[in-house]
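The chain contents come next:
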Amino acid sequence: MTVNGLDHVNIRTVSMSETVRFFTDVLELTAGPPISGLDPARYTWIYDGTGRALFHLDSAPARGSGDTGPLDHVALDCSGHDAMTARLDRLGIAYRCNHVVASDLKQVFVTEPNGILLELNFRSGRH
């Protein structure tokens, strides 16, 4: 399994418009169009100048006892899905898998020791 780079950071916000304004006005990033299948009132993606998604803004409320605050998760762009799940199995580390069929994106969700959720993304061709 290889981590190719940072995919995006998910931030939960109680003020979507203020958060979007910060990223667009202060950092001169671009708020992207709604993602198919996601509620545009709840989710906004922030992109850099090349069109790469950097921040996934989520207006959902905190999750409760395991809440990580406004930093919900960090997503990494990875290769080698099967090697990763085999490693996690071997190490006895709990994880959850998801397959976004529409974009052939395989995901592995695992929590690091400080309680931060990691979303490991394996795009088509990098499974």
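Preceding this section is the structure that the text describes.
Here the residue index of a chain counts from 1 through its sequence in written order. Totals for whole chains, interfaces and linings use all residues, but because this is a predicted model, local features are given only for residues with pLDDT of at least 70 and pairs of side-chain atoms are given and counted only at 80 or more. Side-chain metrics in this entry use all non-hydrogen atoms of the structure; hydrogen atoms and water are not considered.

K.L.:
Quick one: what's the story with the environment of Cys-97, residue by residue and with numbers?
P.N.:
Structurally, the position occupied by Cys-97 is in strand β6 (residues 96–100). Partly exposed residues are those whose accessible area sits between 20% and 50% of the maximum for their type, while under 20% is buried and over 50% is exposed, using a 1.4 Å probe and protein chains only. According to the relative accessible area criterion, Cys-97 is partly exposed, its value standing at 41%. For Cys-97, the contacting residues outside a window of four places in its chain are His-81, Thr-85, Gln-107 and Val-108. Secondary structure elements follow DSSP: runs of H or I no shorter than four residues count as helices, runs of E no shorter than two count as strands, and numbering proceeds from the N terminus. When checking whether two residues touch, look at their non-hydrogen atoms; a contact exists if any pair is within 4.5 Å.

K.L.:
Tell me what's going on with the layout of surface pockets, and back it up with residues and numbers.
P.N.:
Each pocket or cavity is described by its volume, and for the largest pocket that value is around 810 Å³. The definitions used throughout rest on a 1 Å grid laid over the protein atoms alone, on which a cavity is an enclosed set of points accommodating a 1.4 Å probe that cannot get out and a pocket is an open set flanked by protein within 12 Å on both sides along at least five of seven lines; lining residues are those having an atom within 4 Å of a point. Looking at the largest pocket, it is lined by 32 residues, and the ones nearest its centre are Leu-38, Trp-45, Leu-105, Gln-107 and Glu-119. Broken down by secondary-structure element, the contributors of at least two residues to the lining of the largest pocket are β1 (2–12), β3 (43–47), β4 (53–58), β5 (71–79), β6, β7 (105–111) and β8 (117–122). Top contributing element to the lining of the largest pocket by residue count: β1, with four residues. We call Asp, Glu, Lys and Arg charged. Ala, Val, Leu, Ile, Met, Phe, Trp, Tyr, Cys and Pro are nonpolar, and the rest, Gly among them, are polar. For the lining of the largest pocket, the class distribution of residues is eleven nonpolar, nine polar and twelve charged. Grid points are joined across faces, edges and corners, and a volume is the space filled by probe spheres set on the points.

K.L.:
For the environment of Leu-29, give the residues involved together with the corresponding values.
P.N.:
Mapped onto the elements of the fold, Leu-29 is located in the loop between α1 (16–26) and β2 (30–31). The class of Leu-29 is buried, set by a relative accessible area of 16%. Excluding residues within four positions of it along the chain, Leu-29 makes contact with Phe-23, Thr-24, Ile-46, Tyr-47, Asp-48, Leu-54 and Phe-55.

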